[in-house]
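Structural characterization, general
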Amino acid sequence: MVKSKPSQSPFSGYPVYKLFLILIYLIVLVEAVTVSGSDSPSPYAWPSHASKKLNKPVVLLISSDGFRFGYQFKTETPNIDLLISRGTEAQTGLIPVFPTMTFPNHYSIATGLYPAYHGIIMNKFTDPITGEFYNKNLDPKWWLGEPLWVTAVNQGLKAATVYWPGSEVPKGSWTCPTGFCKAPYNVSFPLEERVDTILSYFDLPESEIPDFMTLYLDEPDIQGHKYGPDDPRITEAVAKVDKMIGRVIKGLKKRKVFSDVHVILLGDHGMVTNCDKKVIYIDDLADWIKVPVDWIQAYFPVLAINPRWGKDVENPDEKNMELVAKMNEALSSGKVENGEFLKVYFKEKLPKRLHYSESSRIPPIIGMVGEGLMVKQNRTNVQECFGNHGYDNMFFSMRSIFIGHGPRFRRGKKVPSFENVQVYNVVVEILGLRPAPNNGSSLFTQSILLPFGATRET
Ligand SMILES: *[C@@H]1O[C@H](CO)[C@@H](O)[C@H](O)[C@H]1NC(C)=O
Ligand SMILES: *[C@@H]1O[C@H](CO)[C@@H](O)[C@H](O)[C@H]1NC(C)=O
Ligand SMILES: *[C@@H]1O[C@H](CO)[C@@H](O)[C@H](O)[C@H]1NC(C)=O
Ligand SMILES: [Zn+2]
């Protein structure tokens, strides 16, 4: 800081050019103070060394569940805009993994693995081999791969989680420690308090501040499911999320660490409306093939069929093949309502880009459902109108957002869309850790991060 000399005539004896330099310095200082007190984007900022308070890299990974790409244009989002204008953004959004569901995607973000390799292949499923039912269980046997909090603590860093699917599961050196791992998940725990829990970690002595933190916000997903993506209540939920981001920024600024912390804001998937009521009824396929109801593990957004042929069936593979062929014949016949919007595959024959075959937990037969469509057994079910996700990750409506802000992220930089399995390596690189085997590319980090030790351009 500027220290004025204790002399009666402070400028006497100073060469004119020094006075000039002091003047410039004061102007810069005034600009910087003005800017740091406002939330509006500005080309001015502290030189990175001037505010450096943390002497270690810290990553705060924030997920806003169901934040569809484009929601940021629904309403004023000054805080998200600030992160975008001073950080790096996936210009057309973050691409989720298939199936575009909450648990598979959060765990792909955390591990860098596609669901077939991290084991959480859907939010709920029955293991076709063991017959065991998974429904967000915390038994470590379900959770394969190595999530970021485990990578961090295994290599001697500190981690803290204010919720994240999988974070309560003990694994490696991670025990989900009290005070640094909120558990069990409590949907009623207010978003403000989640943010404040994170902020409280920054009041610890530097050596105890967690190097890696997660913050999970369950909006706007909840409103999205209830009302679909185009309801005014979504707009409100988006504004609420922006307020929470504002609370994070304000709290970090108050502690003078905002420019030192790497804040990553992303979402797990998008949202699409089911309100146009396009439905495919499995019973309509009965003239071609009858699929026993208890073989169907899930109807939509992913149709999952686990055939259980009797002992008398000699060649189940052949029977499976017949089933798939008959179903597709019916669906493409033009005689099944909306049949053209469902295509059935052996999991091994699914498009490669989905990476959805190499797990014994994935049922043998998978149906890809058209964007926003529903699959039901019969017409007896009540008609609903709501929002959903889980569909093909190629659909733009399934995309979410990615914004990185902090010393290693370029200012005002736009990068092309990328898959969320890349995020693991990005965090690992910022923290200076060794990555576990994963499906991200080690080269990707170079395209999104400044080299270590580089001075961030202003
Ligand atoms: C969940 O959070 C709410 C609000 O903080 C609290 O009242 C409630 O007791 C919590 N429930 C559990 C099971 O901890
Ligand atoms: C319709 O399907 C549901 C399962 O989705 C089943 O429980 C019910 O018995 C079926 N009704 C008829 C009339 O087949
Ligand atoms: C994903 O990563 C796992 C672990 O390294 C590897 O076994 C698997 O082959 C990878 N899959 C793809 C599609 O890259
Ligand atoms: Zn979700």
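Structure shown above.
Residues numbered from 1 in each chain as written. Chains lettered and ligands numbered in written order. Predicted model: local features only at pLDDT ≥ 70, side-chain atom pairs only at ≥ 80, totals over all residues. Heavy atoms only, no water.

**Regarding the packing of helix H3 (residues 78-85) against helix H9 (residues 232-254)**
Where H3 contacts H9, the axes come no closer than 7 Å and their chain directions differ by 60°. What the angle tells us is that H3 and H9 run oblique. Residues Pro 78, Asn 79, Ile 80, Leu 82 and Leu 83 of H3 touch H9, and the partners they reach there are Asp 242, Lys 243, Ile 245, Gly 246 and Ile 249. Of the residues assigned to the contact of H3 with H9, the class counts are 6 nonpolar, 2 polar and 2 charged. (Axes fitted to C-alpha atoms, helices over the stretch in contact; angles between N-to-C directions. Helix = DSSP H or I, 4+ residues; strand = E, 2+ residues; numbered from the N terminus. Parallel < 35°, antiparallel > 145°, perpendicular 65-115°, else oblique. Contact = heavy atoms within 4.5 Å. Nonpolar A, V, L, I, M, F, W, Y, C, P; charged D, E, K, R; others polar.)

**Let's talk about a negative patch on the surface**
Judged by side-chain charge, Asp 317, Glu 318, Glu 322 and Glu 348 come together as a negatively charged surface patch. By the element assignment, Glu 322 lies in helix H10 (residues 316-331). (Patch = residues over 30% accessible without salt bridge, like charges linked within 9 Å, V, L, I, M, F, W, Y side chains within 5 Å. Areas by Shrake-Rupley, 256 points an atom, 1.4 Å probe, with all protein chains shown as cover. Salt bridge = Lys/Arg side-chain N within 4 Å of Asp/Glu carboxyl O. Lys, Arg positive; Asp, Glu negative; His and termini not counted. Charge placed at Lys NZ, Arg CZ, Asp CG, Glu CD.)

**Points about the coordination of the zinc ion (ligand 4)**
Bound to the zinc ion (ligand 4) are the protein donor atoms Asp 65 (OD), Thr 102 (OG1), Asp 268 (OD) and His 269 (NE2), situated 1.9 to 2.1 Å from the metal. In this structure, the zinc ion (ligand 4) is coordinated by 4 donor atoms arranged in irregular fashion, with angles at the metal of 95 to 136°. Taken in chain order, the donor set of the zinc ion (ligand 4) reads D-x36-T-x165-D-H. You can see Asp 65 sitting in the loop between strand S1 (58-64) and H3 and its partner His 269 sitting in the loop between strand S8 (261-266) and strand S9 (272-273), a full 204 residues away along the chain. Just as Asp 65 is buried, His 269 falls in that class too. (Donors = N, O, S within 2.8 Å, 3.2 Å for Na, K, Ca; no water. Tetrahedral: all angles 85-135°; square planar, octahedral: opposite > 155°, others 65-115°. Buried < 20%, exposed > 50% of the residue type's maximum accessible area, 1.4 Å probe, protein only.)

**Let's talk about the pattern of salt bridges**
Across all of its chains, the model carries 12 salt bridges by this definition. For Arg 408, the salt bridge goes to Glu 429, with nearest N and O atoms at 2.9 Å. Here Glu 429 lies in helix H11 (residues 423-431) and Arg 408 lies in the loop between strand S17 (402-405) and strand S18 (413-415), a separation of 21 residues in the sequence. Exposure remark for Arg 408: the relative accessible area of 7% places this residue in the buried category. Judged by its relative accessible area of 33%, Glu 429 falls in the partly exposed class.

**Points about the sheet that holds S18**
On the basis of which strands lie adjacent, the open sheet formed by 7 strands has the order S6-S7-S1-S8-S17-S2-S18 and mixed pairing. In the strand order of this sheet, the two ends are held by strand S6 (159-162) and S18, each with one partner. Between one strand axis and the next, the sheet turns by 15° as a mean value, whatever way the strands run. In this sheet, strand S7 (residues 212-217) lies alongside S1 in parallel orientation, the contact comprising 6 bridges. Its bridge partner being in S7, Ser 64 is matched across the sheet by Leu 217. Contacts between H9 and the sheet are confined to S1, S7 and S8, with S1 contributing the most and set at about 165° to the helix. (Pairing = 2+ DSSP bridges.)

**A closer look at the state of the cysteines**
Counted by the stated rule, this structure contains 1 disulfide. Note on cysteine connectivity: Cys 176 is disulfide-linked to Cys 181, with sulfurs 1.9 Å apart. Between Cys 176 and Cys 181 the sulfur-sulfur dihedral comes to about -75°; the bridge is accordingly left-handed. Residue Cys 176 is classed as buried on the basis of its relative accessible area of 14%. Looking at Cys 181, the relative accessible area reads 7%, which means it is buried. (Disulfide = S-S within 2.5 Å.)

**Some thoughts on the site of ligand 1**
As a structural note, the neighbourhood of ligand 1 is formed by Asn 186, Ser 188, Phe 189 and Pro 190. One of the side-chain nitrogen or oxygen atoms of Asn 186 is found 2.4 Å away from an oxygen atom of ligand 1. When ligand 1 sits alone it has 360 Å² of accessible area, and the protein chains cover 31% of it. (Near = heavy atom within 4 Å. Polar contact = N/O pair within 3.5 Å; in protein donor to acceptor, adjacent residues only side chain to side chain.)

**Re the side chain of Ser 400**
Note on placement: Ser 400 falls in the loop between strand S16 (387-388) and S17. With relative accessibility at 1%, the residue Ser 400 sits in the buried group. A polar contact of 2.6 Å, which involves the side chain of Ser 400, links it to the backbone oxygen of Phe 67. Those residues within four positions of Ser 400 in sequence are excluded, and the remaining contacts are Phe 67, Arg 68, Phe 69, Gly 93, Leu 94, Leu 266, Gly 267, Asp 268 and His 269.

**With respect to the packing of aromatic side chains**
Inspection of every chain in the model, using the stated rule, returns 18 aromatic pairs. Considering the side-chain rings of Phe 125 and Trp 142, the 5.5 Å spacing of their centres and the 85° angle between planes classify their relative orientation as edge-to-face. Of the two residues, Phe 125 is situated in strand S4 (residues 124-126) and Trp 142 in the loop between strand S5 (133-135) and helix H6 (148-154); the sequence distance between them amounts to 17 residues. Each member of the pair, Phe 125 as well as Trp 142, is classed as buried. Between the aromatic rings of Trp 295 and Trp 309, the centroid separation amounts to 4.7 Å while the plane-to-plane angle is 70°, which identifies the pairing as edge-to-face. Taken together, the residues Trp 295 in the loop between strand S10 (279-281) and strand S11 (296-298) and Trp 309 in the loop between strand S12 (302-305) and H10 connect sequence positions 14 residues apart. (Phe/Tyr/Trp six-rings, centres within 6.5 Å; stacked < 30°, edge-to-face > 60°.)

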